[in-house]
Amino acid sequence: MINELDIEDLYENAPCGYLSVYPDMRIARLNATLAGWLGFDVDALIGMDFTELLTAGGRIHYETHFGPILRMYGQLDGIALDFVTSDRRRLPVFMTANVKTDESGTPVLIRITALDARDRRTYERELLESRTRAELLAKTLQRSLLPPSLLPPSGMTAAAHYHAASSDEVGGDFYDLFPLSDDRWGFFLGDVCGKGASAAAVTSLTRYTLRAAAVYDHDPVAVLHNLDSVLRQEFRESNAQFCTAVFGVLSRCAEGFEVCMASGGHPPPLVIRADGSAHYVLMTGGQLVGILRNARFVSATVTLDPGDTLMLYTDGLTEARVDTGRYDDDGALLDFASEHAPAAPAVLIDHLRKLLDSFGDGLVDDAAVMALGVSSVESSAR
């Protein structure tokens, strides 16, 4: 049977702090556990104003917020406060309190329980530091997967933007623009399935494979087949990794550029004309890269004249969540392009960046956008 000594021992040596305070905030009683945490003898604290044990900020918070709530509702649950120990260190606690009243309802005592929160604070701090390190690593790795700069031919300008949906996870969107010879340039934009380290490995392999394949074969369809073979051989069926991509080759023609492109399951590029019109470059039927045997890739050729811009994007943009469903369910992207036509690449990408920012939490996937534009006659003259 539990006797009075057992009850007294349970109070004095409980794994939490017990404290009783009169309505005028003088300490009536506290247990040995709390006194030990604070570094005082029990008797030294009896009669002291309870708020003197709190930090300056804690006293203000208690007097202006916690105290009034306690008097109004008769209880507090899970309040975070810092006590001050005898050697002026902070002791973080989670405090619960309730009010004892007499028969007339007049408060006679405030009963307080304090739980030591030092380990919890340490854990939270370490968790925050780990998250900060993870975000820094993700940003560093993400930067390594994107080109430091785009290298358009003379007479053309280019711009790109990458919007990460998560600050601590590496995405799989990629793009690049680079010279192949004196009169040809390659470009690509795509999206690897998944996120994190595995997606980063596929992204890195994809970028370098496309660059290497383009040097030896100027046929965009053949370049995608090369990438398809590499991905299927590298990852096999048991660990299949795949992506969508548009790969293209630029070559000069008359006053502009001829653009030969191939698509592997990727959303169609947009051409924004100098006359203010905009249209998709349809390459219907292109299949995913890296997962299907004998995958089919579809090509198309367009000509960009002075003032024209080619816009490429990943589905993180078109599938962003809005009130009516997905952003591009009703052709919003083509309307957007028409609204901003004509537009130089830098201006267009700035508008797209603002659009992506406007989605907020509705942007559930990473999004990459890239624009290639032929300088207008007026710009060339200047």
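Residues numbered from 1 in each chain as written. Predicted model: local features only at pLDDT ≥ 70, side-chain atom pairs only at ≥ 80, totals over all residues. Heavy atoms only, no water.

### Concerning the environment of Asp217
Mapped onto the fold, Asp217 is located in the loop between α6 (196-216) and α7 (220-235). In this view, Asp217 contacts Ala222 and Val223; residues no more than four positions away in its chain are not counted. Side-chain polar atoms of Asp217 contact the backbone nitrogen of Asp219, separated by 3.0 Å. (Helix = DSSP H or I, 4+ residues; strand = E, 2+ residues; numbered from the N terminus. Contact = heavy atoms within 4.5 Å. Polar contact = N/O pair within 3.5 Å; in protein donor to acceptor, adjacent residues only side chain to side chain.)

### Some points on α6
When the terminal C-alpha atoms of α6 are compared, their 31 Å separation across 21 residues agrees well with the 30 Å that a helix rising 1.5 Å per residue should span. Restricting attention to buried positions, one finds in α6 the residues Gly196, Ala199, Ala200, Val202, Thr203, Thr206, Arg207, Thr209, Leu210, Ala213 and Ala214. (Expected span 1.5 Å × (residues − 1). Buried < 20%, exposed > 50% of the residue type's maximum accessible area, 1.4 Å probe, protein only.)

### Notes on the packing of aromatic side chains
Across all of its chains, the model carries seven aromatic pairs by this definition. Members of the aromatic cluster, joined through ring pairs, are Phe50, Tyr62 and Phe83. Over the aromatic face of Tyr208 sits the side chain of Arg207, whose NZ or CZ is 5.6 Å from the ring centroid. (Phe/Tyr/Trp six-rings, centres within 6.5 Å; stacked < 30°, edge-to-face > 60°. Lys NZ or Arg CZ within 6 Å of the ring centre and 35° of its normal.)

### Quick look at the pattern of salt bridges
Applying the stated criterion to the full structure yields 14 salt bridges. For the salt bridge of Arg29 with Glu8, the shortest nitrogen-to-oxygen distance reads 2.7 Å. On the criterion of sequence distance, the pair formed by Arg29 in strand β2 (residues 27-30) and Glu8 in helix α1 (residues 4-12) is long-range, its members being 21 residues apart. A salt bridge links Asp308 to Arg273; the nearest nitrogen and oxygen atoms lie 2.7 Å apart. With Asp308 in the loop between β13 (298-304) and β14 (309-313) and Arg273 in the loop between β11 (270-272) and β12 (278-280), this pair connects stretches of sequence that are 35 residues apart. (Salt bridge = Lys/Arg side-chain N within 4 Å of Asp/Glu carboxyl O.)

### Digging into the pairing of strand β1 (residues 17-21)
Buried residues dominate β1, accounting for four of its five residues. One ladder, built from five bridges, connects β1 with strand β5 (residues 107-116); its direction is antiparallel. Within β5, the residue paired with Leu19 across the bridge is Ile112. As paired elements, β1 and β2 share three bridges and run antiparallel to each other. Looking at β2, one finds that Ser20 is bridged to Arg29. In sequence, β1 turns back onto β2 through a hairpin of five residues, with Met25 there showing a positive phi of about 80 degrees. (Pairing = 2+ DSSP bridges.)

### Side note on the confidence of the model for the protein chain
Within the protein chain, residue pLDDT values average 88, and 89% of them lie at 70 or more. Ranking the elements of the protein chain by mean pLDDT puts helix α11 (residues 377-381) last with 48 and β14 first with 98. (pLDDT = per-residue confidence, 0-100.)

### A closer look at the state of the cysteines
Inspection of the entire model under this criterion finds zero disulfides. Counting only cysteine sulfurs, Cys243 is the nearest neighbor of Cys193, a cysteine outside any disulfide, at a range of 9.9 Å. Classification of Cys193 as partly exposed rests on a relative accessible area of 38%. (Disulfide = S-S within 2.5 Å.)

### A short note on the packing of α6 against α7
Put simply, α6 and α7 touch, their axes get as near as 9 Å, and they point 140 degrees apart. With respect to their mutual orientation, α6 and α7 come out oblique. As α6 runs across α7, the sense of the crossing is right-handed. Across from Val202, Leu205, Thr206, Thr209, Leu210, Ala213 and Ala214 in α6, the residues of α7 making contact are Val223, Leu224, Asn226, Leu227, Val230, Leu231, Glu234 and Phe235. (Axes fitted to C-alpha atoms, helices over the stretch in contact; angles between N-to-C directions. Parallel < 35°, antiparallel > 145°, perpendicular 65-115°, else oblique. Left-handed = near helix turned anticlockwise from the far one by under 90°.)

### Topic: the side chain of Thr206
Tracing the backbone through its elements, the reader meets Thr206 in helix α6. Residue classification places Thr206 among the buried residues on the basis of a relative accessible area of 0%. Once you skip the residues sitting within four places of it in the chain, Thr206 turns out to touch Phe174, Val192, Leu227, Leu231 and Cys243.

### Overview of the sheet that holds β14
Read across the sheet, five strands follow the order β6-β17-β14-β11-β12 without closing on themselves; strand pairing throughout is antiparallel. Bordering the open sheet on either side are β6 (156-163) and β12, each of which pairs with just one other strand. Averaged over all pairs of adjacent strands, the angle between strand axes in this sheet comes to 15 degrees, irrespective of strand direction. Note: β11 against β14, three bridges, orientation antiparallel. Following the sheet pairing, Ile272 is matched in β14 by Thr309. Sitting on the sheet, helix α9 (residues 332-339) touches β11, β12 and β14, and the angle it makes with β12 is about 145 degrees.

### Quick look at the sheet that holds β13
Reading across from one edge, β7-β8-β9-β10-β13 is the order of the five strands in this open sheet, with antiparallel pairing throughout. Both outer strands of the open sheet, β7 (173-179) and β13, are each paired with one neighbouring strand and no more. Each strand of the sheet is rotated relative to its neighbour by a mean of 15 degrees, with strand direction disregarded. Looking at chain direction, strand β10 (residues 256-264) and β13 are connected through seven bridges and run antiparallel. If you follow Val259 over to β13, its bridge partner there is Val302. Seen against the sheet, α6 touches β7, β8 (184-192) and β9 (243-253) and runs at an angle of roughly 20 degrees to β7.

### Let's talk about unusual backbone geometry
Ala341 connects to Pro342 through a cis peptide bond whose omega is -10 degrees. Mapping Pro342 onto the fold places it in the loop between α9 and α10 (345-358). In this structure, Met25 is a non-glycine residue whose phi angle is positive, near 80 degrees. Mapped onto the secondary structure, Met25 falls in the loop between β1 and β2. In this structure Met25 comes out as buried when scored by relative accessible area, which is 15%. Even without being glycine, Arg88 reaches a positive phi, approximately 70 degrees. As for its placement among the helices and strands, Arg88 is situated in the loop between β3 (75-84) and β4 (90-101). Arg88 sits in the exposed class, given a relative accessible area of 66%.

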